[in-house]
Amino acid sequence: MFFDMQQLAADIRYKVLTATVTPRPIAWVTTCSSDGIANAAPFSFFNVLGHEPPTVALGLLRHPGKGSKDTAQNILETGEFVIHLVPHEMAASMNETCVDAPRGVDELVLAGLKTLPSRNVAPPRIVGCPVAFECRSILNQETGPRQFAVIGEVLCGHVDDAFVIDADKGYIDTLGLDLIARMHGSGWYSRPGGLFQLVRP
Ligand SMILES: Cc1cc2nc3c(=O)[nH]c(=O)nc-3n(C[C@H](O)[C@H](O)[C@H](O)COP(=O)(O)O)c2cc1C
């Protein structure tokens with residue numbers, strides 16, 4: 001089947017892309033408004049872009065007829081955000097924070113999550129997430145009337161000692177982290193599994 005993206009309705013484009021580009025890692029993002037109110041929400045239009053400097057990308061959509069999501073607004077206002085990767089045991093809490101809460105409502109409180117202060121940015125870190133990256137936006141790029149991309153520099157990272165095999169070498173117990181990723185449809189996720197290794201020629 002040939003899908004001409006320019007001819008498809010927006011919801012079908014979304015389905016074709018999100019049902020095929022899988023699994024997508026989930027950035028569970030905390031931000032703060034300029035008046036200091038915290039916010040949390042998950043985003044699977046997310047990945048790492050490079051390491052010199054360490055950079056990540058987020059794709060933030062707008063609801064039809066509504067303004068920017070709070071995460072987008074807060075990044076535009078402050079440039080700061082913290083990305084957490086989501087272990088399986090925190091899947092339900094992550095899901096709670098995707099509610100479309102009014103601006104000014106802290107989803108961290110709604111979901112009963114505890115936080116710790118970050119070192120270099122104002123948004124807090126979520127307790128229980130084994131990996132968190134403190135980031136500062138280096139590019140906020142509109143890519144359409146209903147979406148924009150953020151490229152952020154990773155200023156520092158926190159990895160739970162329990163999953164660090166050798167800090168000097170950067171060896172992490174990736175499988176032990178048990179991180180979930182977004183799959184297809186309305187609510188499908190994946191966990192690590194079905195792995196295989198290829199030796200590079
Ligand atoms: C697993 C998951 C992944 C999501 N990925 C995205 C995404 O990549 N981009 C996006 O705009 N919304 C995404 N959403 C929806 C947002 O989390 C949701 O709109 C949320 O209410 C935004 O919160 P905010 O207004 O506090 O920023 C995702 C939701 C879930 C549950």
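What you are looking at is a predicted structure, and each value in this text was computed from that prediction instead of being measured. (Residues numbered from 1 in each chain as written. Predicted model: local features only at pLDDT ≥ 70, side-chain atom pairs only at ≥ 80, totals over all residues. Heavy atoms only, no water.)

A word on the overall build of the chain
Here is step 1: On a plain count of helices and strands, the chain comes out with five helices and 14 strands.
Here is step 2: The C-alpha atoms of the chain give a radius of gyration of 17 Å, which matches the 17 Å a tight globule of 201 residues would have.
Here is step 3: C-alpha atoms of the chain, sized along the principal axes, occupy 50 × 50 × 35 Å.
Here is step 4: Considering the chain as a whole, with its 201 residues, one finds that 36% of them fall into the buried category.
Here is step 5: By sequence separation, contacts in the chain at least 24 residues apart represent 59% of the contacts at least 6 residues apart.
Here is step 6: Treating the 16 positive side-chain charges of the chain as one cloud and the 21 negative ones as another, the clouds have centres 6 Å apart. (Helix = DSSP H or I, 4+ residues; strand = E, 2+ residues; numbered from the N terminus. Rg over C-alpha atoms; globule rule 2.2 N^0.38 Å. Buried < 20%, exposed > 50% of the residue type's maximum accessible area, 1.4 Å probe, protein only. Contact = heavy atoms within 4.5 Å. Lys, Arg positive; Asp, Glu negative; His and termini not counted. Charge placed at Lys NZ, Arg CZ, Asp CG, Glu CD.)

Some thoughts on the site of the ligand
Here is step 1: In the region of the ligand, 18 residues are neighbours, and Asn39, Pro42, Phe45, Leu61 and Thr71 sit closest.
Here is step 2: Interatomic distance of 2.8 Å between a backbone N/O atom of Leu61 and an oxygen atom of the ligand.
Here is step 3: Between the ligand and the protein, one listed contact pairs an oxygen atom with a side-chain N or O atom of Glu107 at 3.1 Å.
Here is step 4: Starting from 650 Å² of accessible surface for the ligand in isolation, the protein chains cover 90%.
Here is step 5: When atoms are counted within 2 Å of each cavity's grid points, the one that captures over half of the ligand is the largest pocket.
Here is step 6: When contributions to the shell around the ligand are tallied by element, the ones reaching two or more residues are strand 3 (38-43), strand 5 (54-61) and helix 2 (70-78).
Here is step 7: Residue composition of the shell around the ligand, by class: nine nonpolar, four polar and five charged. (Near = heavy atom within 4 Å. Polar contact = N/O pair within 3.5 Å; in protein donor to acceptor, adjacent residues only side chain to side chain. Areas by Shrake-Rupley, 256 points an atom, 1.4 Å probe, with all protein chains shown as cover. 1 Å grid on protein atoms, 1.4 Å probe; cavity = no way out; pocket = protein on both sides within 12 Å on 5 of 7 lines; lining within 4 Å. Sits in = over half its atoms within 2 Å of the grid points. Nonpolar A, V, L, I, M, F, W, Y, C, P; charged D, E, K, R; others polar.)

Some thoughts on the side chain of Ser118
Here is step 1: Within the secondary structure, Ser118 is located in the loop between strand 7 (115-116) and strand 8 (125-126).
Here is step 2: We classify Ser118 as buried; its relative accessible area is 14%.
Here is step 3: Side-chain polar atoms of Ser118 contact the backbone oxygen of Pro123, separated by 2.6 Å.
Here is step 4: Not counting residues up to four positions away in its chain, the partners in contact with Ser118 are Val82, Pro123, Pro124, Arg125 and Glu134.

So, empty space enclosed by the protein
Here is step 1: Counted by the stated rule, this structure contains two cavities of 30 Å³ or more.
Here is step 2: Approximately 40 Å³ is the volume found for the largest cavity.
Here is step 3: For the lining of the largest cavity, the secondary-structure elements that each account for two or more residues are strand 3 and helix 2.
Here is step 4: For the lining of the largest cavity, the residue count by class is two nonpolar, four polar and two charged.
Here is step 5: Considering the residues around the second largest cavity, the lining is formed by Leu60, Leu61, Arg62, Ser68, Ala72, Arg146, Gln147 and Phe148.
Here is step 6: Mapped onto the lining of the second largest cavity, the elements with two or more residues apiece are strand 5 and strand 10 (147-159).
Here is step 7: A class-by-class count of the residues in the lining of the second largest cavity yields four nonpolar, two polar and two charged. (Points joined across faces, edges and corners; volume = space filled by probe spheres on them.)

Some thoughts on helix 2
Here is step 1: Regarding helix 2, the residues found buried are Asp70, Thr71, Ala72, Asn74 and Ile75.
Here is step 2: Residue Gly79 follows helix 2 closely and has a positive phi angle near 75 degrees.

Some points on the pattern of salt bridges
Here is step 1: In this structure the tally under the stated criterion is four salt bridges.
Here is step 2: Here Glu142 and Arg62 are joined by a salt bridge, their closest N and O atoms 3.0 Å apart. Here the residue Glu142 occupies a position in strand 9 (residues 131-144), and Arg62 occupies one in the loop between strand 5 and helix 2, the gap between them amounting to 80 residues.
Here is step 3: Here Asp70 ties to Arg103 by a salt bridge, and the two come within 3.8 Å at their closest N and O atoms. In this pair, Asp70 sits in helix 2 while Arg103 sits in the loop between helix 3 (91-96) and helix 4 (107-110), placing the two residues 33 residues apart along the sequence.
Here is step 4: A relative accessible area of 13% means that Asp70 is categorised as buried.
Here is step 5: Given a relative accessible area of 42%, Arg103 falls into the partly exposed group.
Here is step 6: When salt bridges with common partners are traced through the structure, they connect Asp70, Glu77 and Arg103 into a single cluster. (Salt bridge = Lys/Arg side-chain N within 4 Å of Asp/Glu carboxyl O.)

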